[in-house]
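Remarks on the overall topology
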Amino acid sequence: MKKRLLLSNSMYRKARETEFLQETRFLLYNLRWMEYLILLPVCLLFGCIAQGPAQIVPPKIVTSSSQGVTKPCLLGINYLYNIGGRSQENKLIGQPMGLALDISGNIYVADAGNHCVQVLNADGDLTMVLGRFGWKPGEFDSPVDVDVNFIRGEFLYIADVGNDRIQACSLINRIFGVAAGKKSGEADRSYVQSEIQLDGPGGIATDGNGNIYIADTGNHRFLKLNPKGKLLMVKGTFGWTREQFREPTDLVVDSNGNIYVVDTGNHRIQKFDFSGNLITIWGEKGNQPGQFNEPRYIAKDRWDNIYVVDYGNRRIQVFDLNGEFLTQFSHPNLDSPMGIAIGNDNKIYVTDTSAGDVKVFQSVYR
């Protein structure tokens, strides 16, 4: 009491206010914790009764569509122009057959009539001619298909049908070698000799690992080799039932490693997985969508749509990976469509054997 009397009235009121605030904070703090302790068991009890077992939410799986690269819808294909021709300066006057594109847009055309490979730039100008008639390395007898692979180097593969072999050419030093088929008989160590025997190989393809695929037309089968030429798989015999062929002329490999073989004599396409197991077959002889009359060559675009050159019907048909028909296209002056290649710019290059040129089309997507 003595101490409190010594304080002035203002100081006394201030001290009492401070004590009151401290007591209030203490009470609120205790009440908050008591509220938590009371409500927590109730929430747990009623939450378990109302919700039952906890719901497990699976993680979101990110696909190509969620990353903005959804496969677009193919609306149609338009004709643009032609390259070469017997009436133009850059003449493919022989028999332009299979063709391929490299990463720079250069065009490699197997010219069976001139026994060479003609190389054109992206503008269609002739820049180089590889080969001549013969049986030595770098010489050809009616080459009918080509493919370019930049996975393990820069290599051009040529289906040298008349010499029953596949030749490989390094685009860096232009050294040729035999990847598969008959030996030349020359004692030349600059190229690899293969023990794999072929009979008129009509088609050549490679995959993203550098593996080599061959349509062994005369033996009615297809083969898979590793980049060094070691045989990995042989599939097919002569016939018309499942996994049999009648003169297969070409093949292509999609981004998943599935193999599409043009079974020309049976007017159909056979699809196999990367191990050689048959997945599906589509096509029969006819002129309706999904039917063929001597299909010859095949290609895929960057969306894995499958393009089949329907030679006898003078058209190209487009399918999805399951063989479902999407569309077809042609041109009034497309007389003998043969080889086909598709660039990343959605341009489609088709050789016309009768006209001696390459006709260029453009895919239109939505």
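Residues numbered from 1 in each chain as written. Predicted model: local features only at pLDDT ≥ 70, side-chain atom pairs only at ≥ 80, totals over all residues. Heavy atoms only, no water.

1. Description of the packing of aromatic side chains
All chains considered together, the criterion is met by 12 aromatic pairs. Between Tyr79 and Phe361, the ring centres sit 5.5 Å apart and the planes meet at 70°, which makes this aromatic pair edge-to-face. Here the residue Tyr79 occupies a position in strand β1 (residues 74-84), and Phe361 occupies one in strand β24 (residues 357-365), the gap between them amounting to 282 residues. Residue classification places Tyr79 among the partly exposed positions, given a relative accessible area of 30%. Exposure remark for Phe361: the relative accessible area of 0% places this residue in the buried category. A centroid spacing of 5.2 Å and a plane angle of 55° characterise the contact between Phe222 and Phe272, whose relative ring orientation is tilted. With a gap of 50 residues between them, Phe222 in strand β12 (residues 221-225) and Phe272 in strand β16 (residues 268-272) connect regions that are remote in the sequence. Of the two residues, Phe222 and Phe272, both sit in the buried class. An aromatic cluster is defined as three or more aromatic residues linked by ring pairs; in this entry it consists of Tyr260, Trp282, Phe292, Phe319 and Phe325. (Phe/Tyr/Trp six-rings, centres within 6.5 Å; stacked < 30°, edge-to-face > 60°. Helix = DSSP H or I, 4+ residues; strand = E, 2+ residues; numbered from the N terminus. Buried < 20%, exposed > 50% of the residue type's maximum accessible area, 1.4 Å probe, protein only.)

2. Notes on the layout of surface pockets
If you add up the space inside the largest pocket, you get close to 1100 Å³. Considering the residues around the largest pocket, the lining is formed by 44 residues, among which Leu101, Asp147, Val148, Lys300 and Ile342 are closest to the centre. Taken together, the elements giving at least two residues each to the lining of the largest pocket come down to β2 (96-101), β6 (143-149), β10 (203-206), β14 (250-253), β18 (295-300), β22 (337-342) and β23 (347-352). When residues of the lining of the largest pocket are assigned to their parent elements, the largest contribution, 5 residues, is made by β6. In terms of residue class, the lining of the largest pocket is built from 22 nonpolar, 10 polar and 12 charged. (1 Å grid on protein atoms, 1.4 Å probe; cavity = no way out; pocket = protein on both sides within 12 Å on 5 of 7 lines; lining within 4 Å. Points joined across faces, edges and corners; volume = space filled by probe spheres on them. Nonpolar A, V, L, I, M, F, W, Y, C, P; charged D, E, K, R; others polar.)

3. Quick word on unusual backbone geometry
Its identity is not glycine, yet Glu243 carries a phi of approximately 65°, on the positive side. Among the secondary structure elements, Glu243 is positioned in the loop between β13 (231-235) and β14. For Glu243, a relative accessible area of 28% gives the class partly exposed. Although it is not a glycine, His267 adopts a positive phi angle of roughly 55°. Along the chain, His267 turns up in the loop between β15 (259-263) and β16.

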